[in-house]
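Summary of structural features
The lines below spell out each chain.
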Amino acid sequence: MLSFDLHALDDDDTLQSITDFAATLCQTPIALVSFVEAERQWFPARVGLAARETPRSQSFCAHAMLGRDVMIVPDATADDRFVNNPLVTGEPNIRFYAGAPLVSDDGMQLGALCVIDSKPRAGLTIAQRQGLQVLAANIMLFLTSRRSLRQSDQELDEHEAKFRVLADAMPQMVWSTLPDGYHDYYNARWYEFTGVTPGSTDGEGWNDMFHPDDQERAWSMWRHCLASGDPYEIEYRLRNADGEYRWTLGRALPIRDSNGKIIRWFGTCTDIHDQKMLQVQREVIAQELSHRIKNIFSVISGLVNFSTRHHPEMSLVVNDLRDRILALGRAHDFVRPHSEASKPSEMQNSLSGMLKELLQAFAERIHIEGDDITIDDRSATPLALVFHELATNAAKYGALAVIDGQVQIRCTVDTRFVELEWRETGGPAVTAPPSEGFGSKLIELSAVRQMGARVTREWAPEGLLLTLKVPRASLNRGPVSSPKRAE
């Protein structure tokens, strides 16, 4: 029994290309080639996972390589073998696992090609299961060819035949090109969807199938990927057999040889038209709801003004209340504009953009610096109340009450928290108030109770310094993005 020189395969381009395709085929965020040793498993090729190895005691692939078929774990938290596994209870929070064993012809169990998701799944489709087996077979074929330095024509023919069977069974349209981008293969689904004659879209004929408004954009993206080797991903409208243009997601990955040279491109086209139309409908509904919410703010503001006419003695209190309502309305319209005309020039999820909109009356005297951060409609309103209250108090008693007064807002971001600093300078000397006023209670209600923030105040002689330390998760319900610098 000859041994495989596995350690020379670390970061191998061929294994990486197969791993990339496995993640695309099975639509999972993580895919690995795992070689299992006595004390550890290590990953010469990986997608979506930074770790290069883990202890064998934590290995799912150590179980998968013992079988002959793909091992499926729909939900690891419901599997007694893995429920207490650190890779399940902690990062990367494995729930779904599917692994095709890597076993040589002479019975040597090497590991597995696996795909992983952090969400439970019922399993793989027949095409995905077959595809994972074919890709695992390709890995073993690659390893065997490296070991023996020979590969029969029959094995190559069988591999190509299996790939064509797999491609024709897939629900997506599958295509392949030569290194220069010349399209020389489409699966049966492409011809079924488009209704064109086999061979008529070889070469550059594929672009004529796109909507005229999308053709130049698709060509430009494709030429860029051919020149750079970057993965190809684009949405365009593709004409079907009935002459209807349907929104389609096109993706492709390059396959490289051992020297890193691209030898072929493999791609898919997925019909996303229905999802696209639902997205448009949701956007229309969201704009209508936003419009109605904005109208509610306007109605409340009108009621407040009407009340002032009958109770002029309450005008100061009512004016403060009206200003707070208007501030909430501006913040809401910033993150959820009710029409294209009301859409702000700044990014709608930008904290610095929202603050500029809210505090535009003091634009030349309030300076926003540091990191920018992503916010959503849930956090915009409490933030608007806090900073409107700070600006109002500064205009009455603090730095904004005098001509030379200035305010600096600085945002600093780490992995868990956002620190927002409000610093007043150049104003009258300030001292801590003898008791907590309405403004302080409003800040407490908005920042602490609604966003889980910590508030600290320093009544320095040169001006108030207030700091909010807010959990990042309280500012944005979506995926956390990297901060940008505020301009």
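Structural notes, computed from the coordinates. Only a predicted model underlies this, so the values are computations on that prediction, with no experimental measurement involved.

A closer look at the overall build of the protein chain
Helix and strand counts for the protein chain stand at twelve helices and 17 strands. Residue burial in the protein chain is summarised as follows: out of 487 residues, 46% are buried. Within the protein chain, residue pairs in contact and separated by at least 24 positions form 58% of the contacts whose partners lie at least 6 positions apart. Counting only carbon and sulfur atoms, one obtains 52% of the accessible surface of the protein chain, whose full area is about 25300 Å².

A few points about empty space enclosed by the protein
This model, assessed by the stated rule, comprises three cavities of 30 Å³ or more. If you add up the space inside the largest cavity, you get close to 90 Å³. Trp175, His183, Tyr186, Trp190, Trp206, Phe210, Trp222, Tyr232, Tyr236 and Cys269 are the residues that line the largest cavity. By residue class, the composition of the lining of the largest cavity is nine nonpolar, one polar and no charged.

Quick word on the sheet that holds strand E7 (residues 173–177)
Strands pair in a sheet through their backbones, by hydrogen bonds, and they do so in one of two ways: parallel or antiparallel. Pairing within the open sheet is antiparallel, and its five strands lie in the order E8-E7-E11-E10-E9. The sheet is open, and its two borders are formed by strand E8 (183–186) and strand E9 (232–239), each paired with just one other strand. Direction aside, the axes of adjacent strands within the sheet are offset by 25° on average. Taken strand by strand, helix H1 (residues 13–26) contacts strand E10 (245–256) and strand E11 (262–271), and its axis lies near 160° from that of E10. Across the sheet, helix H7 (residues 212–228) lies against E7, E8, E9, E10 and E11, angled at about 155° from E9, the strand it touches most.

What about the pairing of strand E15 (residues 454–460)?
Two elements, E15 and strand E16 (residues 463–471), share seven bridges in a ladder whose sense is antiparallel. Residue pairing for E16: Arg454 is matched across the bridge by Lys469. The hairpin formed by E15 and E16 contains two residues between the paired strands.

Brief notes about the sheet that holds strand E2 (residues 40–47)
Sheet architecture is open: six strands sit in the order E3-E2-E1-E6-E5-E4, paired in antiparallel fashion. Among the strands making up the open sheet, the edge pair consists of strand E3 (53–55) and strand E4 (71–73). Here the average twist between neighbouring strands, direction ignored, is 25°. Sheet topology places strand E1 (residues 30–36) next to strand E6 (residues 109–117); six bridges connect them, and they run antiparallel. In the strand pairing of E6, Ser34 is matched with Ala112. Running at roughly 75° to E2, H1 makes contact with E1, E2 and E6 of the sheet.

Focus on the packing of helix H10 (residues 351–358) against helix H11 (residues 377–396)
Closest axis-to-axis distance for the H10/H11 pair is 11 Å, and the angle between their directions is 50°. The angle between H10 and H11 places the two elements in the oblique class. For the pair H10 and H11, the crossing hand works out as right-handed. Contacts between H10 and H11 involve Leu351, Met354, Leu355 and Leu358 from the former and Ala380, Leu383, Ala384, Phe387 and His388 from the latter. When grouped by side-chain class, the residues that make up the contact of H10 with H11 number eight nonpolar, one polar and no charged.

Brief notes about H11
For H11, with 20 residues, the first-to-last C-alpha span of 29 Å sits near the 28 Å given by 1.5 Å per residue. Within H11, 14 of the 20 residues are buried, leaving the element largely enclosed by the surrounding structure.

So, the pattern of salt bridges
Tallied over the entire structure, the rule returns 19 salt bridges. For the salt bridge of Asp11 with Arg52, the shortest nitrogen-to-oxygen distance reads 3.4 Å. Here Arg52 lies in the loop between E2 and E3 and Asp11 lies in the segment before H1, a separation of 41 residues in the sequence. Residue class for Asp11 comes out partly exposed when judged on its relative accessible area of 41%. Of the charged contacts in the structure, one is a salt bridge between Glu244 and Arg246, with a shortest N-O distance of 3.5 Å. Among the residues examined, Glu244 registers a relative accessible area of 35% and is labelled partly exposed. Given the relative accessible area of 14%, Arg246 is considered buried. When salt bridges that share partners are traced, they join Asp10, Asp11, Arg46 and Arg52 into one network.

Some details on unusual backbone geometry
Here the bond from Glu91 into Pro92 is cis, since omega is 5°, no more than 30 degrees from zero. Looking at the element boundaries, Pro92 is found in the loop between helix H3 (86–89) and strand E5 (96–103). The backbone of Gln27 shows a phi angle near 55°, a positive value even though the residue is not glycine. Relative to the elements of secondary structure, Gln27 occurs in the loop between H1 and E1. Positive phi, close to 55°, is recorded for Asn93, a residue that is not glycine. What makes Asn93 partly exposed here is its relative accessible area of 25%.

Criteria and thresholds
Residues numbered from 1 in each chain as written. Predicted model: local features only at pLDDT ≥ 70, side-chain atom pairs only at ≥ 80, totals over all residues. Heavy atoms only, no water. Helix = DSSP H or I, 4+ residues; strand = E, 2+ residues; numbered from the N terminus. Buried < 20%, exposed > 50% of the residue type's maximum accessible area, 1.4 Å probe, protein only. Contact = heavy atoms within 4.5 Å. Areas by Shrake-Rupley, 256 points an atom, 1.4 Å probe, with all protein chains shown as cover. 1 Å grid on protein atoms, 1.4 Å probe; cavity = no way out; pocket = protein on both sides within 12 Å on 5 of 7 lines; lining within 4 Å. Points joined across faces, edges and corners; volume = space filled by probe spheres on them. Nonpolar A, V, L, I, M, F, W, Y, C, P; charged D, E, K, R; others polar. Pairing = 2+ DSSP bridges. Axes fitted to C-alpha atoms, helices over the stretch in contact; angles between N-to-C directions. Parallel < 35°, antiparallel > 145°, perpendicular 65-115°, else oblique. Left-handed = near helix turned anticlockwise from the far one by under 90°. Expected span 1.5 Å × (residues − 1). Salt bridge = Lys/Arg side-chain N within 4 Å of Asp/Glu carboxyl O.

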